[in-house]
Amino acid sequence: MKGEVLRGAILDAAAKLFIERGTGGTSMQDIAESLGLSRTAVYYYFKNKDAILRALTEEILTSARELANAAVSRQDRDPAEALRELVTDYANLILSRPAEFRVADRNESDLTQRQRASMHTARRSVLADFSGIIERGIQLGHFRMADPHVAAFGLIGMCNWTAWWFKPSGRLGQQEVAEAIADMAIHALRRDESRRARVPDVKESLRLLREDLAYLEKLVVPDEDASAGQRK
């Protein structure tokens, strides 16, 4: 193994050990032995475990920040389309780097203060992207009433969990899984077509409210004709 191939193999082996044992329970010797290498070979590419951990987390954090920066281009689009694209992109990010995500998630306490700050910033940015699109969809009447932050946490969690269960050799490929999750996200929030506001204003909201009250009245107040028939 030469150059970047060996460096990548060291990162893969370290990620597996960090997930299983944690950073504190893994030594440079453990990483070397798992690859049949000498410690000298590992030290040639990484001066210590912190350097390996930094390399494993930086790429996914950089990608998360890029995902957040792309949110600006979604602000004027249809909320359902924007949310579908965001969920698909974020799911693909986790699905393509499951080991790195799991390492960052499990070993957060071993990161430097700067790395933790970077991770928290990336998480807040992703949450803001999700909740922002959901809130706009609710305001426009495209999505049903829901707490935007709770809905956002639910969708993000659904994407994050793929790092633990997705298998590249499984029945569905990465893109198929990402699209399936995005489809579930849209169906979970999309408002029924007949319940969408035709125009997002107060008058239209009152129309929908009257429909709801009329429906509720039918459920609560017994039909007079039916009641009269029962009395007879």
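Residues numbered from 1 in each chain as written. Predicted model: local features only at pLDDT ≥ 70, side-chain atom pairs only at ≥ 80, totals over all residues. Heavy atoms only, no water.

Chemist: What exactly am I supposed to notice about the packing of aromatic side chains here?
Modeler: Between two aromatic rings, the relevant description is the distance of the centres plus the angle of the planes. Tallying each qualifying case throughout the model produces five aromatic pairs. Centre to centre, the rings of Tyr90 and Phe130 are 5.9 Å apart; their planes meet at 80 degrees, and the pair counts as edge-to-face. In this pair, Tyr90 sits in helix α5 (residues 79-96) while Phe130 sits in helix α7 (residues 113-139), placing the two residues 40 residues apart along the sequence. On the basis of relative accessible area, Tyr90 is assigned to the buried category, the value being 7%. A ring pair is formed by Trp165 and Phe166, whose centres lie 6.4 Å apart and whose planes are at 75 degrees; its orientation type is edge-to-face. (Phe/Tyr/Trp six-rings, centres within 6.5 Å; stacked < 30°, edge-to-face > 60°. Helix = DSSP H or I, 4+ residues; strand = E, 2+ residues; numbered from the N terminus. Buried < 20%, exposed > 50% of the residue type's maximum accessible area, 1.4 Å probe, protein only.)

Chemist: What is the right way to look at helix α4 (residues 49-69) in this model?
Modeler: Residues three or four positions apart in an α-helix share a direction because the helix packs 3.6 residues into each turn. Between its first and last C-alpha, α4 extends 30 Å over 21 residues, near the 30 Å set by a 1.5 Å rise per residue. The principal kink in α4, of about 25 degrees, is found at Glu58. Residues of α4 that are buried include every one of Ala51, Ile52, Leu53, Ala55, Leu56, Thr57, Ile60, Leu61, Ser63, Ala64, Leu67 and Ala68, and no others. Each element contacted by the buried residues of α4 is listed here: α1 (3-21), α2 (28-35), α5, α6 (98-106) and α7. Capping the start of α4, Asn48 holds a side-chain oxygen 3.2 Å from the backbone nitrogen of Asp50, two or three residues further along. (Expected span 1.5 Å × (residues − 1). Bend = angle between axes of the 7 residues up to and from the residue. Contact = heavy atoms within 4.5 Å. Polar contact = N/O pair within 3.5 Å; in protein donor to acceptor, adjacent residues only side chain to side chain.)

Chemist: Is there a simple way to explain the layout of surface pockets in this structure?
Modeler: Vacant regions in the atomic arrangement are exposed by a probe of water-molecule size rolled over the atoms. Volume-wise, the largest pocket comes out at about 390 Å³. Ranked by residues supplied to the lining of the largest pocket, first place goes to α7 with five residues. For the lining of the largest pocket, the residue count by class is 16 nonpolar, two polar and two charged. (1 Å grid on protein atoms, 1.4 Å probe; cavity = no way out; pocket = protein on both sides within 12 Å on 5 of 7 lines; lining within 4 Å. Points joined across faces, edges and corners; volume = space filled by probe spheres on them. Nonpolar A, V, L, I, M, F, W, Y, C, P; charged D, E, K, R; others polar.)

Chemist: Quick question: what am I supposed to make of the side chain of Asn92 here?
Modeler: Mapped onto the elements, Asn92 comes out in helix α5. Within the structure, Asn92 has its side chain in polar contact with the side chain of Gln174 (distance 2.9 Å). Discounting residues that sit within four places of it in the chain, Asn92 has contacts with Gln174, Gln175 and Ala178.

Chemist: Looking at this model, I keep getting lost on the environment of Ser34. Mind explaining?
Modeler: Assignment of secondary structure puts Ser34 in helix α2. Take Ser34: its relative accessible area is 43%, and that puts it in the partly exposed class. With residues near it in sequence (within four places) discarded, Ser34 still touches Ala13 and Leu17. Within the structure, Ser34 has its side chain in polar contact with the backbone oxygen of Ile31 (distance 2.7 Å).

Chemist: Help me understand the UniProt feature "DNA-binding region" (unreviewed entry) in the protein in this model?
Modeler: Here, UniProt's "DNA-binding region" (unreviewed entry) annotation points to residues 27-46. Annotated as residues 27-46, this span is 75% helix and 0% strand, and its ends, taken at the C-alpha atoms, are 13 Å apart. (UniProt positions renumbered as here; feature names shortened; annotations may be inferred.)

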